[in-house]
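Each chain, letter by letter, is given below.
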Amino acid sequence: MERRTAFSVVELLVVIAIISVLAAMLLPTLDATVDRSRAVVCGNNLQQTYVGIAGYANDRNGWLIKWDGPASWPYPPGLYTWPRALQTLGYLPADTTILDCPSTDFPFAGNDYGINYNITATPVSDNDSKLRRLNEIPNPSATYLVADRKQNAGYGLMVRGGGSDPGLDYRH
């Protein structure tokens with residue numbers, strides 16, 4: 001009897017079919033893993049952003065940064081936002097990747113996160129107590145300070161003007 005040293009075409013096709021089936025089963029798992037890793041990076045970015053805001057508040061007797069930057073902010077309106085102020089003052093790194101959600105579909109250069117306008121806006125009148133200290137946030141476990149924002153939410157704002165759309169983007 002002769003000994004074969006090569007695969008037949010049928011054997012080769014069967015092996016290719018098995019590899020294709022295994023790859024088809026594995027690809028959705030890899031996609032889910034990539035999505036989960038993006039969510040972890042986003043959560044880490046949000047945590048670092050919160051730490052920067054808390055550091056700012058700690059150095060200012062508990063007062064949160066205004067959504068449009070501190071009152072003494074000497075820069076033009078295009079840079080007049082809370083993330084730029086925190087970066088300039090050293091509470092956030094100058095590298096804007098900390099402000100970029102890796103799951104964002106739109107290129108909004110370094111500001112994919114928004115700050116809660118309802119607790120960081122300048123009071124309009126004496127009866128308006130929007131600008132708060134960190135320890136005065138009502139129901140803090142149910143109140144967000146920073147979160148993913150929608151593309152059209154403006155300078156990192158959320159829940160502006162009492163509208164029904166909070167400007168949150170539920171990417172994860």
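Everything discussed here concerns the structure shown above.
All residue numbers refer to positions counted from 1 along the written sequence of the respective chain. Local features in this predicted model are restricted to residues of pLDDT 70 or higher, and side-chain atom pairs are both shown and tallied only at a pLDDT of 80 or more, whereas totals for entire chains, interfaces and linings draw on every residue. By convention in this description, side-chain values take in all heavy atoms of the structure and omit both hydrogens and water.

Enquirer: Even after reading the chapter, I still don't get the overall build of the chain, so can you show me in this structure?
Expert: Along the chain, the regular secondary structure elements total three helices and three strands. Runs of H or I in DSSP of at least four residues are treated as helices and runs of E of at least two as strands, each being numbered from the N terminus. Along the chain, helices and strands appear, N-terminal first, in the series α-α-β-α-β-β. Burial classification: accessible surface area is computed with a 1.4 Å probe over protein chains only, and a residue below 20% of its type maximum counts as buried, one above 50% as exposed, and the rest as partly exposed. Across the 172 residues that make up the chain, the buried fraction comes to 35%. Should any heavy atoms of two residues lie within 4.5 Å, those residues are considered in contact. For the chain, contacts bridging at least 24 residues in sequence account for 58% of all contacts bridging at least 6. Shrake-Rupley sampling with a 1.4 Å probe provides the accessible areas, and residues are treated as covered by the protein chains on show and by no other component. In the structure as shown, the chain presents an accessible area of about 10,800 Å², 59% of it carried by carbon and sulfur atoms.

Enquirer: How should I be thinking about unusual backbone geometry in this particular structure?
Expert: Glycine aside, residues mostly have negative phi, and peptide bonds are mostly found in the trans state. Notably, N61 is not glycine yet its phi reads approximately 60 degrees, a positive angle. Turning to its location among the elements, N61 is positioned in the loop between α1 (9-59) and α2 (82-88).

Enquirer: Got a minute to help me understand α1 in this structure?
Expert: Any helix carries an expected span of 1.5 Å times its number of residues minus one. Helix length check: α1 (51 residues) gives 74 Å between terminal C-alpha atoms against 75 Å at 1.5 Å per residue, within 8%. We define the bend at each residue as the angle formed by axes fitted to the 7 residues ending at it and the 7 residues starting at it. When the local axis directions of α1 are compared, the greatest deviation, roughly 25 degrees, occurs at L26, which is followed within four positions by the proline P28. Every buried residue of α1 is accounted for by A39, C42, N45, L46, T49, G52, I53, A54, Y56 and A57. Tucked inside the fold, the buried residues of α1 contact α2, β1 (113-116) and β2 (146-148). N61 sits one or two positions beyond α1 and adopts a positive phi of about 60 degrees.

Enquirer: What should I look at first to understand the packing of aromatic side chains in this one?
Expert: A pair of Phe, Tyr and Trp rings is counted when the ring centres sit within 6.5 Å of each other, with Trp represented by its six-membered ring. The angle between the planes then sorts it: under 30 degrees is stacked, over 60 is edge-to-face, the rest tilted. Under the criterion given, the structure shown has one aromatic pair. Taking 5.7 Å as the distance between ring centres and 80 degrees as the angle between the ring planes, the aromatic pair formed by Y56 and Y91 counts as edge-to-face. Of this pair, Y56 sits in helix α1 while Y91 sits in the loop between α2 and β1, and the two are 35 residues apart along the sequence. Taking relative accessible area as the criterion, Y91 reaches 21% and is therefore assigned partly exposed.

Enquirer: Quick question: what am I supposed to make of the nonpolar core here?
Expert: Among soluble globular proteins, nonpolar side chains are generally buried collectively. I53, I65, W82, L86 and I115 are the most contacted members of the largest nonpolar core, which has 23 residues in total. Secondary structure elements with two or more residues in this core: α1, α2, β1 and α3 (117-120). The dominant element in this core, judged by the number of residues it contributes, is α1, at five residues. By nonpolar core we mean a set of buried residues, namely Ala, Val, Leu, Ile, Met, Phe, Trp, Tyr and Cys, connected to one another through side-chain atoms within 4.5 Å.

Enquirer: Sorry if this is basic, but what is going on with a nonpolar patch on the surface here?
Expert: A cluster of nonpolar side chains, namely V10, V14, I18, V21, L22 and M25, defines an oily patch on the protein surface of about 580 Å² accessible area. By the element assignment, I18 lies in helix α1. For I18, a relative accessible area of 47% puts it in the partly exposed group. To count toward a patch, a residue needs a relative accessible area over 30% and no salt bridge; like charges are then connected within 9 Å, while nonpolar side chains (Val, Leu, Ile, Met, Phe, Trp, Tyr) are connected within 5 Å. By definition here, a salt bridge exists when the distance from a side-chain nitrogen of Lys or Arg to a carboxyl oxygen of Asp or Glu is within 4 Å.

Enquirer: I'm lost on the side chain of T49 in this one. Help?
Expert: Note on placement: T49 falls in helix α1. On the basis of relative accessibility, which here comes to 0%, the residue T49 falls in the buried class. Of note is the side chain of T49, whose polar atom sits 2.8 Å from the backbone oxygen of N45. Beyond its immediate chain neighbours, meaning those up to four positions away, T49 contacts W82, L92, I98, L99 and V146. By the criterion applied in these results, polar contacts are pairs of N or O atoms within 3.5 Å in which, for protein atoms, one can donate a hydrogen and the other can accept it, and in which residues neighboring in sequence qualify only through two side-chain atoms.

Enquirer: Hey, could you run me through the state of the cysteines in this one?
Expert: Note: disulfide means a covalent bond formed between the sulfur atoms of two cysteine side chains. By disulfide we mean two sulfur atoms from cysteines, separated by a distance within 2.5 Å. Summed over the entire model, instances satisfying the criterion amount to zero disulfides. No disulfide involves C42; its sulfur sits 3.6 Å from that of C101, the nearest cysteine.

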